[in-house]
Amino acid sequence: MGLTKGKLIPGLFWGLSLILSAGEIICSDYAGQGSGLTLFIASGPEERFTGGEVTLTRGNGTVLSRSHFFLYADGESSRESWCSLLGIPSDLSGGTYTLTCRLSSEEGMVMLQKPLGVTEREFPSETLALNTELTDIRAAEDPRKTAQAEELWSVLSGFDGQSQFLSGPFVPPLDSYRVTTDYGTRRVYRYSNGKEAASLHNGWDWAAPTGAPVKAVGRARVVMARERIVTGNTVILELLPGVFMVYYHLDELKCREGDLVEGGDLVGTVGMTGLATGPHLHWELRISRVAVDPLPFLSSELIDKTLYMAKM
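Residues numbered from 1 in each chain as written. Predicted model: local features only at pLDDT ≥ 70, side-chain atom pairs only at ≥ 80, totals over all residues. Heavy atoms only, no water.

A. Spatial organisation of unusual backbone geometry. Of note in the backbone geometry, Ser-288 takes a positive phi value of approximately 50 degrees without being a glycine. As for its placement among the helices and strands, Ser-288 is situated in the loop between β22 (280-287) and β23 (290-292). (Helix = DSSP H or I, 4+ residues; strand = E, 2+ residues; numbered from the N terminus.)

This is how it looks when you write it as structure tokens:
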């Protein structure tokens, strides 16, 4: 993919002469549905950026994805740069969108923009028939489910610029498995009462025997390890600022909230707790709250360091 440097919008803010040389968004020109996008903003002694956010919008200004910047330093370089990881929704139509970065500095606010092309991919579809028990788990009203959903979203919306744990590609969470549902599958739930509901499948389902060890994909902090009604025994790992790995339907939890784990550490075992029709692991990657495909990061890093090197 090519790289484009988004330009500073002139005449909008004070101190332009101090930051014009660093007024660039450096990222890929295109991103696929369900992918993670790395963005860099140069930051040196003359810029003094203190933070900011990036949004992805369509022509009418609707915000489709949002994230924040954190100060990133590559282990092989002494220079720091502002970095953000943005999730591209899997159901976003192909086309051209706008990236807008709003950065704060000692001289005021700076806004940078550049276009981003979103490319489409094919996703499978499936219909999943639920028995009465599973229909109730998904469809029955329950204030506990509402509270748990709000709690989950609060965790996945967290952003701590100091939480830079992960380095390197993911460790596979299972040693042996059979894929039962792909990321991005367009799913229809067929309830026992004859009604149906459409849904996006936000992760991968890997079938494995009950009790099979489930491993941390990399160095991370455990921010959730508890039972939930819909997702059963659930573990969430914080990998990087605003980046979380999610494990659902575990049989046993093998970690506790607040633990620091390394890639390959045991965090749970395969099960079929919650809304599950058989023993499997649902693993899901959230970047800036958006569910993206974790599979590419088994062979590449979440932070695209080629961009980092290209801008130096």
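B. Layout of the pairing of strand β19 (residues 243-253). Taken across its 11 residues, β19 has eight buried, putting it largely inside the fold. Across six bridges, strand β18 (residues 232-240) lies against β19 in antiparallel orientation. Among the inter-strand pairings, Leu-237 is bridged to a residue of β19, identified as Met-245. The antiparallel hairpin formed by β18 and β19 contains two residues in its connecting segment, where Gly-242 sits at a positive phi of about 75 degrees. When β19 meets β22, the two strands line up antiparallel, connected through six bridges. Paired with Val-243 across the strands is Ile-287, a residue of β22. (Buried < 20%, exposed > 50% of the residue type's maximum accessible area, 1.4 Å probe, protein only. Pairing = 2+ DSSP bridges.)

C. Structural context of the nonpolar core. Grouped together as the largest cluster of nonpolar side chains are 42 residues, with contacts concentrated most on Phe-170, Leu-237, Leu-239, Tyr-247, Leu-285 and Leu-302. Among residues more than four places away in sequence, those in contact with Leu-302 are Thr-38, Leu-85, Leu-166, Phe-170, Leu-239, Leu-240, Val-243, Leu-285, Ile-287 and Phe-297. Counting 22 residues, the second largest nonpolar core, distinct from the first, contains Ile-41, Phe-69, Leu-92 and Leu-103. (Core = buried A, V, L, I, M, F, W, Y, C linked by side-chain atoms within 4.5 Å. Contact = heavy atoms within 4.5 Å.)

D. Focus on the sheet that holds strand β13 (residues 186-190). Sheet architecture is open: three strands sit in the order β11-β13-β14, paired in mixed fashion. Edge positions in the open sheet fall to β11 (125-129) and β14 (196-200), since each of these has one partner strand only. Taking the axes of each pair of neighbouring strands and ignoring which way they run, one obtains an average angle of 25 degrees across the sheet. Pairing between β11 and β13: five bridges, direction parallel. Each residue of the ladder has a partner; that of Leu-128, found in β13, is Tyr-189. (Axes fitted to C-alpha atoms, helices over the stretch in contact; angles between N-to-C directions.)

E. Summary view of the pattern of salt bridges. All chains considered together, the criterion is met by 16 salt bridges. Across the pair Glu-301 and Lys-305 runs a salt bridge whose closest N-O atoms are separated by 3.4 Å. We classify Lys-305 as partly exposed; its relative accessible area is 29%. One connected set of salt bridges, linked through shared partners, spans Glu-126, Arg-187 and Asp-205. (Salt bridge = Lys/Arg side-chain N within 4 Å of Asp/Glu carboxyl O.)

F. Structural view of the pairing of strand β10 (residues 108-119). As paired strands, strand β3 (residues 30-32) and β10 are joined by three bridges and run parallel to one another. Within β10, the residue paired with Gly-32 across the bridge is Thr-119. Inspection of the sheet shows strand β9 (residues 95-105) paired to β10 by 11 bridges, in the antiparallel sense. Within β10, the position partnered with Leu-99 by the bridge is Lys-114.

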